[in-house]
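# Working through the structure, step by step
Read off the chains here:
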Amino acid sequence: MRSTAKPPGTTTLHPPSQPPQVTDIEIISLAQNQHQFNAISSQLPSFLLSESSHETLLSFLHSRAAAAVNSSSAVSDYVSSLLSLISRHPSSALSSLLSALLQAYLSLFTSHKIPHDHNSLSILQQFVGHLDTIEVKEIPEVIDLIISYLPEIKDLEDAHVLCLLPMCLQLIRTSNEVDKPVEYLNSVVDALISCEWSNILMIKMVENVRDISLCLDKMRKREFLEKIFAKMREDVEMQDLPGLVYQLLVLATKGFGKREVMEGIVLHFGGMHKGGSVMKQVEGTVLLHVNFAVKQDPSLGQEVLGFVRNCRWLSDVMKREYVENARAIEKAILKAVNASHYGREHIVPSIVQLGFGLLEGVEEGIQKETSQSDGLMGTEELGDQVLKCLFEVHDMARNEIIEQCKFRVLSLKPEKCFPMTRLLGHLVLVHPNPMLDHVAHLKEMLDYFAFMDDRIAYDLVTVLLPLIKFNHDLQGYTILVLRKAMFRRENSVRLAASSAIFDLILAEKQSKIKGLFSFQESSSQASCSQQAEEPNATRADLFQELSGLLQRCLYQQANVRENVYHGLMKLVLVDPLTAGTIFDFLLSHFQRFYREDAEVHLGIDQCIKLENGKFGIEEPLDCLLFCVSLILLLQPQNSSDHPPDSVPCFGFSISQDNEAGRTLSGEFFSNALAHIRKFLRNANLEGMLGKKQESGSTPLEEEKGRCSAALLLGIVEVVMNIIVAELGKAANLQKLELEKELSQFVEIHEFVDKCTLNSKQGNGPKKTTIRPSASDAADKLALSSAKLPSPERTPLLATSSVHQLLQLALESLKLDNPKNGASSQKNSQSSSGKAQAPNSKIIPSILNMCLRQLKLFSIMGKDDPLKTLIYGEIKLLGPPLVNIIVSLKPKSEMDLSKKEAKAQKDVESRKELTFLALLCLKKVIEISLFGPKYASLIDDLVSACQLEVASTNAVDAQDECKLAEGIHDQSTRSKELFIKRCIRPLLNEFLEFSFFREAEILCDMALMIGKKLPEERRNLVGFWATQICKSCDVSNSKVAKCLVFVAVTLSSPPTDLVIAQSMAEELLQVVGSEKVGPLDISETFHVINKSTRASIASTILQLIESFIVDMEWITVRLKTYHTATQKGVSSNQTGRVAPELAVEEILYSRAEAIVKVLSHFFAMNLKDPQAEHLLRLAAKFYKNLARISKLRIAPKGCKQLLPSLNYQKLVEITCRQLTAPVYSFVAHMQQKQQEDSNKTRGIVNKIKIKRENRCIPDLIFQIEDYEKYLIQLSKITKLNLLRHAKRSTSRDFKIVEDTTNEQNPNEEADHDQSNGTDDKSSQESGDEGDETAIGLSPRGNVGDTEDEGDGEGETVLPQAKRARTSRVVQDSDEEA
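Residues numbered from 1 in each chain as written. Predicted model: local features only at pLDDT ≥ 70, side-chain atom pairs only at ≥ 80, totals over all residues. Heavy atoms only, no water.

### Focus on the pairing of strand β2 (residues 614-617)
Short version of the rule: Strand pairing is assigned whenever DSSP identifies at least 2 bridges connecting the two strands. Starting at the N terminus, helices and strands are each numbered in turn, a helix being any DSSP run of H or I of at least four residues and a strand any DSSP run of E of at least two.
Where strand β1 (residues 608-611) meets β2, four bridges bridge the pair, whose relative direction is antiparallel. What sits directly across from I608, in β2, is I617.

Rendered as C-alpha cells:
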C-alpha cells in the first residue's frame, strides 16, 4: 500500500492528467439515459465539463455533417443531446459551449453543409429556448451570421433560421451590456431592409416582423412596408398575393402602419392591369380578407375611405362642391330609410347592418372632429340617424336593433361600445314606451354589469335611468344588480356600481322635486326580493333605503370612498334639505379620523395604509372635508334639522346619544373645520409629515411622507376655499385679516406641495426649463411646474379661490410697483388695519395653482355637477391673468443692462412670473376655443386688456386698419381684437427686451387663434407674422422658428409656399453655398441670421414635408378618379369641368412651388442632419412625382391624352431646377464623406456615412423611377418631356449582375415594339432617360454632358442597358 501512495507534493512534478475523452455516440447515449430516467442530479463526465473539450465536441459536429448518409438525423441527434445535457447541467463551461455550438451549427446551416428539413427546424427552435443563457455580447455574432445569409434564402426550408432573429433582437434591446443598443438595432433593421429579398424571404419577413416590431421606429416601419409593396409589384407570383395580403392585414390590425398597409394594398391592386380568371379569383380572395379584417378592426376601413376632407390648398369652390356631394349622399341614405316602410321591407336588414357598421367605425378617443361649418354628419351621427329613423318607422326592426345593441355592447371592445350606449340613451329618451316592450333585453345587458368594462357598465345604467320612472320592476332589478356588484372583488366594478347608485338616487330625487312621477305609482309586480324590503315605501326615499349599502362603501378602497363623497355632494346640489341626513350619515365615520380633545386633531396616520410593502391612501380625508365644507356652504339656513319626511332609521346602527344629538351634527362639522383651520396655522407640519432633520430617512418613510403630504395638501385647499367664502361676506377690517390668513395658507400650501413632490429645491420660485419647440412641449413644461400631488388625486381648490388668489397677486404687484400712485394710500390703509400687504413671494405658487386648475378643467365629464361647482366659473381667471401680465411686462424705463445683482435678480424673477402667467393665459385661450359655450372668454380677455395699441413700427402701421375691421361675426371679431390689442403689443415688447420664452408662448397663442379664423381673416394674421419676420432681428432660434411657422401656416395657398420660397432664397444667402460665402443676416427677412438659420431651415423642411403628405393623399384620390373615368364611369353629369381635374391642376402648381423651395436647399452648404433630412424629403417628393406621372399613362385599351401644359411645365422646372442640383449635392456629399473618412476612422463617422449612403441610393432610385415613367409617357405621347434633363454626375454605385439578366432585354424590346416607333427626339430623350434610370457609372464621373439632340446616349450605353429592372444597386466597397 505504501508503494502505491504518492506524497502530496509529488503531483506538481508532472502535468495534470487529461480527463478521458467521450465519443459522440456516448454523448447521445448519455443524454438519452438521463432523459429516460430523469437523472437530473447525475454527474457528467469530466471531459464535458472541461472548456478544452469544446474543440473536440465541435469536431464531432462537423464530422457528422460531412457524413454522406443521413447527415440530417446524425447532426440533429448529436446537437439535441448536447442541448439536453446543457439544460440539465447548467455551468459556465457548458454555457460557453452553447455559444460556440450555435455559431458552428449556423455556419453549417448557412453554408448548406447540412440538409434544411424538419430536423434543422427542430434544432433551431431548441436553440431559441437557450438563447437567454448565452452572454449578450456574443449575440451580435449570431445576428451577423443570419443577416449575411438572408440573400441566399430561396425556399421555405432556407428561412428556418429566421426563427432565431426575434429573440436575439429582444435580448439586445433589453440588455445593458451592449454599447448603444438602439443604434445597433437600427443598423440591424436597416440591413434587413436593404438586403436583397426573394419571394420566400419576403413572405417570411412579413410573418416575423410582428415579433420584432418593438425594434422598428415609425420611419423604418414605413421603409419596411415600402419595400414589401415594391417587391410585390416586381415579381411576386399571383397565387402568393392572397396569403401575403392576409399577413399584412394581420400586421395592420396589430397597429403596424395601418394607413401604409391599406394604402399599399389599394394602390397595388388598383395599379394592376392583368386580367383573366386567375386574377379575378385572386382579387376576390383578397377582398374577402380585407372585408374580414375591416370587420375585426373598422379603423382599417376608415383608412381606405379616408381622404383629406379639409385639405388646406383646395379652393373654396371645390370644397363646397365636395360638401354638396357628401350632403346629397347623406340625404339619399336617409331617404332610402324612410322609403323602406312602403313596400321595401326586404332592405330593412341591410339598413340595420349599414347603421351598425357606421357606428362600429367610430372609436372613442381617436375619432376626428367633424367640421361644424359644413353641416355634414360624422360617421357616428349618420349611423345614429339611420337607426333612429328605422326604429321610428319600422316596428319589425325595433327588436333587431335592441338585440344588435346588446350583442355589440357585450362583444366589442370598450372604445367601440360608447356609440351603442349613446344610441340606447337616445331611444330611451325619445321612444320610452316602445322601449318598455324590450325590458327583457335590457335586463339581460344589466346581468353582465360586473363583467363589462367599468365605463360601459356605468354608462349603460346611466342611459337607462329615464326609463326607470315608467317601470318599477326595472328599478328594482337595477338595484339588485348594483348590490351584487358592490360585493365583487374587482375594484373597478365597485367604482362603477357606487357611481351608478348615486345616479339612481339623483334621478329619483330630481323626479320627486319636479313632481313628474313617484316610484310607488307603478302597478307592475316586483321581480326580485328587493321590493319586499319596502314595507312602507311611501315614507322612505331611495337614499335612506340604500344608506346601509353606501355605509359599506366607506370601508372599501379610497377611490370608492371618493365616489361616495362626490355622490353626496351631487345629492345636496339637487336637494339641499338632505344636508342634515348626510351629516348624520358621515358623523361616525368622520370621528374615526378626528379627535377634538387630542393635541393633533387630524389622524393623518390612520388614513394611510401599508400594503404589499408600499404605503397608500386608505381614507381620502381631504375629499371628506371638502364634501362636508361644501354641504355646509350649500345647506339652507336652519337646515341642520331633518326634513319632515326623513325617517329616523338608517341601514346602520346609531347610539342613543347620537340619536338625541342628531340635530347638532352640522354644528359639530362646522366646529371641526374651524379647529382644523386654527390647528394648521400653528401646527408643526414637518412633524406631521414625518420629516427628520437629518437626511437619514428610508425610502419607505419618504413614501409615507408623500402620502401624508398629499392628504394634507387637499385639506389646506379646503381651508383656503372656506377662507375665500368668508371673504365675500366680510367687512373691510375683517377682510384684511382674512387676506393675511389666506396668504399664510398659500405659503403652507407651497411647503406641503414641495413635500408631496419630494422636492429638494429651496423656497424660491421653481425654475422651469426652456421648451425644446413651440409645440405641445409647453404642456409638459406646465405639468412640471404645476405637477399634481399624485396621478390619481384631483386638486380641491375651487376656481373662485384661485380667482381670489390672483386678485391678491395682482394687488401685490401693484404695491411693488414704485410708479403706482395708490401704493402709499394702500400701505396706509394696511397699517391702520394692522394688516400687512400680501407677500410677493407667494405669486409663483398662486400662478402654479392657477395653471394646475386650468389643466384639470377638462377631466370631469360635461354634465358632472361638480364641474360646475368647482370649475364652473373658469372664465373668472382670464381678466386677472391679463392684468398680471400687463403689470409684469417690461417697462421702457427699466434698464435691463444693469449689472447690479439685485436688479438682475428682479428682472429674472419678473421673467419667470411672466412665463407662468402666459402659460396660464394660453390654457385659457385653449378653453375658449373648445366650443361656443366658452366663446365669451375671449370677450372678457379683450375687455381686460388695457395695453397701448399705438403703432410702434412699420409692421403695425401697415395692418392697423385691417385686423378686427369690417367683421360682422362677433366671435371672429373678438379673436382678432385679442391678437390686435394683447398679443401684438406684448410680442413687440418681449422681442425688444429679449423675453424669448414669453414671445414663443405668444406665437403659440396667435397660431391657435389664427387656425380658428376664416381663411380670408387668417391671412391677415399670417401677413402680420410675415412682416415681423421681415423687420425683427431675432437671435433666439426657437422664437425665430415659431415666427416662421406662424407666417407660413396661417397664410393660405398659394401664398404659403411663396413665403417659404422667399425665405429659402434668403436662407441660401445666409447659409452660403459652394460658390458664395454666407452672410450674417438676410436683407429681406431679418429673422434669418447666422444664429437662427439652422432652426429656420428645419422648420421650412418640416412644412414642406407636410405639403408632400398632402400631395400623397391627393394623388391617391386622383388615382381613384382616373380609374373610374378610364372605365367609363363618370361622377359628373352636369357637363362642367370635373372638380378632380381642377384638383389635378392645383396639384401641379403646388408641386412646382415645392420644386422651387427645394432647389434653394440643394444649393446650400447644409450640415449632416439637415442634409440627411433633405435627401429623405427629396426621395419622398420624387416618389410622388412618379405616381403623378404614372397617372398620366393610360392603361392598355384606353385613349391616351396629352399631358396638360401645367404638367409639362412641372416636368421642365423639375429637370432644370431640382434634378441637376440634386446630383451636384450628392456628388459634393460623397466627396466630403471621402475626405472625412480619410481624416477620421471613428465609429461615429462610419455610422454617419453608412446612414447617408442609405439615403442617397434611395433618392437616386426614386429619381430614376420618376424618369422611367417620363420616358414611357414621352414615347406614347411623342412629346420630349426629358429634353431638359441631364445625366447624373457622380454615380458611385456598382451593378450586381444576376442570372436573369439575359431575359430582360428581350422582354423590354418586345415592350418597346408594342409601343410603336417614335420620332428621333423622343428616342434620344428616351435613351438618355434610360441611362439615367440605370444609374451606373464606371467608378467615376461621367461629366456634365449636354444631351439635347446630340444622340450621344445611344453610343454611351450598349443594348444591355435595358436589363435595369433585374439589376441591384448596392453601395460600393469603398463606402461600405
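### Quick word on the confidence of the model for the chain
Our working rule: pLDDT measures the predictor's confidence residue by residue and takes values from 0 up to 100. A contact between two residues is defined here by any heavy atoms of the two lying within 4.5 Å.
Taken residue by residue, the chain gives an average pLDDT of 75. The fraction at 70 or more is 70%. Averaged over each element, pLDDT in the chain is lowest for helix α56 (residues 1352-1356) (34) and highest for helix α47 (residues 1037-1049) (94). A low-confidence stretch, residues 1-16 (pLDDT under 50), is modelled with zero contacts involving residues beyond four sequence positions or located in other chains. Note on residues 365-373: pLDDT is under 50 here. Beyond four places in sequence and across chains, it has eight contacts.

### Re the pattern of salt bridges
Here is the rule we go by: Salt bridge criterion: a side-chain nitrogen from Lys or Arg within 4 Å of a carboxyl oxygen from Asp or Glu. In this scheme, a residue with accessible area under 20% of its type's maximum is buried, one over 50% is exposed, and one in between is partly exposed, where area comes from a 1.4 Å probe on protein chains only.
Here the structure, examined in full by the defined rule, presents 34 salt bridges. With its nearest N and O atoms 2.5 Å apart, the salt bridge here joins R408 to E360. Within this pair, whereas R408 is found in helix α18 (residues 395-411), its partner E360 is found in helix α16 (residues 348-360), the two being separated by 48 residues in sequence. R408 sits in the buried class, given a relative accessible area of 12%. The partner of E1152 in a salt bridge is K1156, and the shortest N-O contact between them spans 3.6 Å. You can see E1152 and its partner K1156 sitting in helix α50 (residues 1139-1162), four residues apart, about one turn around the helix. Using a relative accessible area of 10% as the deciding quantity, one classes E1152 as buried. Each of R677, R681, E726 and E741 takes part in salt bridges that share partners, so that together they form one network.

### Concerning the state of the cysteines
The cut-off we apply is this: Sulfur atoms of two cysteines make up a disulfide when they are within 2.5 Å.
Under the defined criterion, the tally for this structure stands at zero disulfides. With no disulfide partner, C163 has as its closest neighbouring cysteine sulfur the one in C168, 9.3 Å distant. Judged by its relative accessible area of 26%, C163 falls in the partly exposed class.

### Quick word on the environment of C163
Position of C163 relative to the elements: it lies in the loop between α6 (139-149) and α7 (165-173). Residue contacts for C163: discarding those within four places in its chain leaves L124, Q125 and V128.

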